[in-house]
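Observations on the three-dimensional arrangement
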Amino acid sequence: MRIKLFTFLALGVILLGSFYIYTYKLNDIPKGFYVDEATVAYNAYSILQTGKDEYGKSYPILFRLFGSYTPPGFIYLAVPFIYSLGEEPFTFRLISALSAVVSIFVFYVFIKKLKLYKLSLSYMLATIFYAITPWLVFNARLGYEVTLAFLVFNIGLYFMCVALSKPKNLLWGLPILSLSAYIAHTQRYLFGVFLLFYFLLFRKQILRSQNLRILVYALLITLVVQIPNLLVFSTPAFWAKATVLTDKSLYQISHNVLLQFLTYYSPKSLFYILPDIDLQHQLPELSVMYNWMVVPFLVGVYLLFKNGKKINFKFLTLIFITAVIPAALSGYFISIQRALPLLFPLVVVIGLGMDEIARRLPRIILLGIVILVFSYSLVILYKSYFILFPKEQALAWNYGYRQLAEYITTHADSHFTIDNTRNPRSYIELLYFLRYPPEMYQTEVASVYRQMYYQAPPTVDEYHFGNVEVRRLDWAKDSCARQIIVGDNLSVSESQIKEHNLAEIDRIDDMDGNTIFRLFKTNPAKDCLIQ
Amino acid sequence: MKYELAPYSKKIISPRVTLAVLAVIFLFFNPWLAATFNQNKFLALVYLAAVVTLVFAYLNDSKFVKTLFILLFCTLVFFQFKTTDYANEYKLTPHEANLQIARMNSYPPSLARVAYVLEVKKETQLLYALQANFFSTIDLNLYFLSYFALVSAPLGIVGLYFVLGSGKKFVLRTLAIAVIILTFLGVNGTYGPFLLFPFIVLAIVVCLTKLLEKMRWYEN
């Protein structure tokens, strides 16, 4: 009874503490509002206001967004949140924060079920460090679907694990796993990959004659759950993110996949420096795990190999390996976001190592080490995420568009042309920050996107709404129209300013005073007269 | 000598098979050796000898072979020191120096002391450099992209598990010494971090011989 009370209190403290970390300055950090957040936010806003997405499609099964045809779960879930809390970035990021907090509880329950650790204290230790891993903290503060999908998939995994001893849990496991396919692309492919290997590895436990009826019911329920997806299964939209490795030879494809696996599992990538080319995914001086975790990780991997034949270790190995398959097959570049499913088994493996080390240490030394590494981890997290990250990655997170939208609002009688050469999707930032009426935008966007919605018509990177145009600059006509031209430092050169008689009227800077946007007023009377 | 399938046997793979496996590794999995042979024959020969003695010391536990390996390993250590400009590992580049100043300014004034400790203090900078070297040393990508064929990576990883689990203190101690030395020197020497290569080859050999044992080949 005393142990249960301690566990309950300890878990409560972890959940509350984590909630605080995940929501601290959530509207401000990350600085800016990334395009992937803005597109989800604006489409959720559009659904709330009109029942249609930005292109005018009623309650789509897949949201076109930038042509990625994202599963709809997060966007539909965001609608009641917007209704209650408003449309600020905080609302969308809060969904991820709550998902992350719930995932901590799921993590604890899951590792208790797996029964991998010899010390009971190790379960709590693993949970504490799971809650503060940089990978989870980072994803807990994002305003799009990855963390929610991660949570739902892990809940499904839990039931699939329990099903190994109590097959009735397949009735929960299969449908919940398949539900995650409605939230993010990664889980759509991971669901199939995981199931394939699950039934292969555990056929003796699952594919028995006495389980046949349960299996059939579970598959039927899953089929019913997947009806909406089946309706669009044969459309190009469903396969929009199924990047085919277009190398000509099987050798090159195998070479690339093997390389990706090596990179995702490399200790340097996981514990030191992230090789993700997308700056938006990177924290300064911090990878997805803390550097000291490499020690229990290596011990844990060794133990995983050693105990590989035991059923609970086998299940852990299954999720440890399959977690990275969709990411490894999705393209040439490392994207740590696509590998998020690896977070859970990775921390479990690290927990294995911690358990092994903890068993060999006197309690007092163990306590000292735990306090030391916990404090060190929090200091490093605070330094990297809350001090350096807001400044160093502000541009990567599209900082500056809120300020630009405010400028446009206060100059509503001017026409704006914004250069999007380096950020073709920037229009959505302005739609969101301007709270541009969705019912108006739906009439302004090309009707072909609505009419051929699931046929994935190609995107044209030119957008016009209200007094705003977002496209590449065309000097043949832009300098002859009375308007304000907006661009970054590369959009308009000094010679072009002179040539087209532009007058710089304002700038939008980042927190260090570096210019993000320059605003120029055209002088058509002078420029076009000279021409 | 005939090889044929037989009922399961715990016979150890013979020296001839071991040498054949080594030859295969050097021919197909270790392009670094051929490249180094053209540039520095002595180093290449010392490396070759070190690998062979390490593998046989692991498989046969001979004191003489172990001693021979230690001598060759010390020679490799000497070469690693000679061919690595390790001073560069501890100097800041101009970009890093600018970043250091920018980061100092990112901290709120109340945390200026913390900023100094975390961003500027010499001891902290030294730890950061050692950390960078350590993670480069244990980076799988470094070895299986640049020095060994990528296809040998799964063999090396599985083999490493067997080597670490073997409990052979002689191998584990020299491996640990190699990792520690490279953590101090860095991995950017003229010929790369070759101090660890014998252990990678050992891991690949162990994995391949385990596979052969599983296939139940033995010398008749």
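These lines cover the structure that appears in this document, whether it is placed above or below. In this text, all values refer to a predicted model and were calculated from it rather than measured experimentally.

Structural notes on the pairing of strand S5 (residues 503-509) of chain A
Residues and elements named next belong to chain A. In this structure, S5 lies alongside strand S6 (residues 515-521), joined through six bridges in antiparallel fashion. Paired with Asp506 across the bridge in S6 is Leu519. The turn joining S5 and S6, which pair antiparallel and follow one another in sequence, is formed by five residues; a positive phi near 85° is taken by Gly513.

Regarding the pairing of S6 of chain A
Residues and elements named next belong to chain A. Burial analysis of S6 places six of its seven residues in the buried class, the great majority of the element. Bridge analysis of strand S4 (residues 484-487) against S6 gives four bridges, and the strand direction is antiparallel. When the bridges of S6 are listed, Gly487 appears paired with Arg518.

Points about the side chain of Thr183 of chain B
All names here are of chain B. For Thr183, the position within the fold is in helix H10 (residues 169-185). On the basis of relative accessible area, Thr183 is assigned to the buried category, the value being 12%. At a separation of 2.7 Å, a polar atom in the side chain of Thr183 contacts the main-chain carbonyl oxygen of Val179. If we ignore the near neighbours within four places in the chain, the residues touching Thr183 are Tyr90, Leu130, Asn133, Phe134 and Thr137.

A few points about the sheet that holds S5 of chain A
All names here are of chain A. Judged by pairing direction, the sheet is mixed, and its six strands sit side by side in the order S2-S3-S1-S4-S6-S5 without closing on themselves. The strands lining the two open edges of the sheet, one partner per strand, are strand S2 (463-465) and S5. Shown here is a sheet whose adjacent strand axes are inclined to one another by a mean of 20°, direction ignored.

A word on empty space enclosed by the protein
Residue and element names in this part refer to chain A. Tallying each qualifying case throughout the model produces five cavities of 30 Å³ or more. By volume, the largest cavity amounts to about 100 Å³. Its residues assigned to classes, the lining of the largest cavity shows eight nonpolar, four polar and no charged. A volume near 50 Å³ is recorded for the second largest cavity. Only helix H7 (146-162), helix H9 (185-201) and helix H16 (311-322) provide two or more residues apiece to the lining of the second largest cavity. Considering only residue class, the lining of the second largest cavity consists of eight nonpolar, two polar and no charged.

Remarks on the nonpolar core
One finds Tyr22, Phe194, Tyr198 and Phe315 of chain A to be the most contacted residues of the largest nonpolar core, which totals 177 residues. Sequence-distant contacts of Tyr198 of chain A, that is, excluding residues within four places in its chain, are made with Met160, Ala163, Leu164, Leu170, Arg203, Ile206, Phe315 and Leu318 of chain A.

Side note on the interface of chain A and chain B
Listed as interface residues are 24 residues of chain A and, on the opposing side, 30 residues of chain B. For the pairing of chain A and chain B, the buried interface totals around 2400 Å² over both sides, and the portion due to carbon and sulfur atoms is 69%. A per-residue breakdown of the area chain A buries against chain B is headed by Leu262, Tyr272 and Phe305 of chain A, which together make up 24% of the total. Applying the counting criterion to the chain A and chain B interface returns three salt bridges.

Quick look at a nonpolar patch on the surface
Residue and element names in this part refer to chain A. A cluster of nonpolar side chains, Leu212, Val216, Tyr217, Leu220, Leu223, Val224, Ile227, Leu230, Leu231, Phe233 and Trp239, forms an exposed patch at the surface whose accessible area comes to about 1100 Å². With six residues, helix H11 (residues 212-225) is the single largest residue contributor to the nonpolar patch. Tracing the chain through its elements places Leu231 in helix H12 (residues 227-231). In this structure Leu231 comes out as exposed when scored by relative accessible area, which is 62%.

Re the pattern of salt bridges
For the structure on display, the rule yields 19 salt bridges over all chains. Between Arg435 of chain A and Glu87 of chain A there is a salt bridge; the shortest N-O distance is 3.1 Å. With a gap of 348 residues between them, Arg435 of chain A in the loop between helix H21 (427-433) and helix H22 (438-444) and Glu87 of chain A in the loop between helix H3 (73-85) and helix H4 (89-114) connect regions that are remote in the sequence. According to the relative accessible area criterion, Arg435 of chain A is partly exposed, its value standing at 22%. Between Lys66 of chain B and Asp61 of chain B there is a salt bridge, and its shortest N-O distance comes to 3.5 Å.

Some points on the packing of helix H7 (residues 122-137) of chain B against H10 of chain B
Residues and elements named next belong to chain B. At a minimum axis distance of 7 Å, the contact between H7 and H10 shows a crossing angle of 130°. Our classification of the angle between H7 and H10 gives oblique. Handedness of the H7/H10 crossing: right-handed. Residue-level contacts link Leu130, Asn133, Phe134 and Thr137 of H7 to Val179, Leu182, Thr183, Phe184 and Leu185 of H10.

Here's the deal with helix H4 (residues 63-82) of chain B
All names here are of chain B. The first and last C-alpha atoms of H4 sit 29 Å apart over 20 residues, in line with the 28 Å expected at 1.5 Å per residue. Turning to H4, its buried residues number three or more, namely Val65, Phe69, Leu72, Phe73, Leu76, Val77, Phe79 and Gln80. The buried residues of H4 all sit within an arc of 160° when viewed along its axis, so they share a single face. Of the residues in H4, the exposed ones pointing more than 90 degrees away from the buried face are Lys63, Phe64, Leu71 and Lys82. If you follow the buried residues of H4, they end up packed against helix H3 (41-60), H10 and helix H11 (197-214). You can read the cap of H4 off the contacts: a side-chain oxygen lies 3.4 Å from the backbone nitrogen of Phe64, and it is on Ser62.

Criteria and cut-off values
Residues numbered from 1 in each chain as written. Chains lettered and ligands numbered in written order. Predicted model: local features only at pLDDT ≥ 70, side-chain atom pairs only at ≥ 80, totals over all residues. Heavy atoms only, no water. Pairing = 2+ DSSP bridges. Helix = DSSP H or I, 4+ residues; strand = E, 2+ residues; numbered from the N terminus. Buried < 20%, exposed > 50% of the residue type's maximum accessible area, 1.4 Å probe, protein only. Polar contact = N/O pair within 3.5 Å; in protein donor to acceptor, adjacent residues only side chain to side chain. Contact = heavy atoms within 4.5 Å. Axes fitted to C-alpha atoms, helices over the stretch in contact; angles between N-to-C directions. 1 Å grid on protein atoms, 1.4 Å probe; cavity = no way out; pocket = protein on both sides within 12 Å on 5 of 7 lines; lining within 4 Å. Points joined across faces, edges and corners; volume = space filled by probe spheres on them. Nonpolar A, V, L, I, M, F, W, Y, C, P; charged D, E, K, R; others polar. Core = buried A, V, L, I, M, F, W, Y, C linked by side-chain atoms within 4.5 Å. Buried area = accessible area lost by both parts, 1.4 Å probe. Salt bridge = Lys/Arg side-chain N within 4 Å of Asp/Glu carboxyl O. Patch = residues over 30% accessible without salt bridge, like charges linked within 9 Å, V, L, I, M, F, W, Y side chains within 5 Å. Areas by Shrake-Rupley, 256 points an atom, 1.4 Å probe, with all protein chains shown as cover. Parallel < 35°, antiparallel > 145°, perpendicular 65-115°, else oblique. Left-handed = near helix turned anticlockwise from the far one by under 90°. Expected span 1.5 Å × (residues − 1). Arc of directions from axis to C-beta.

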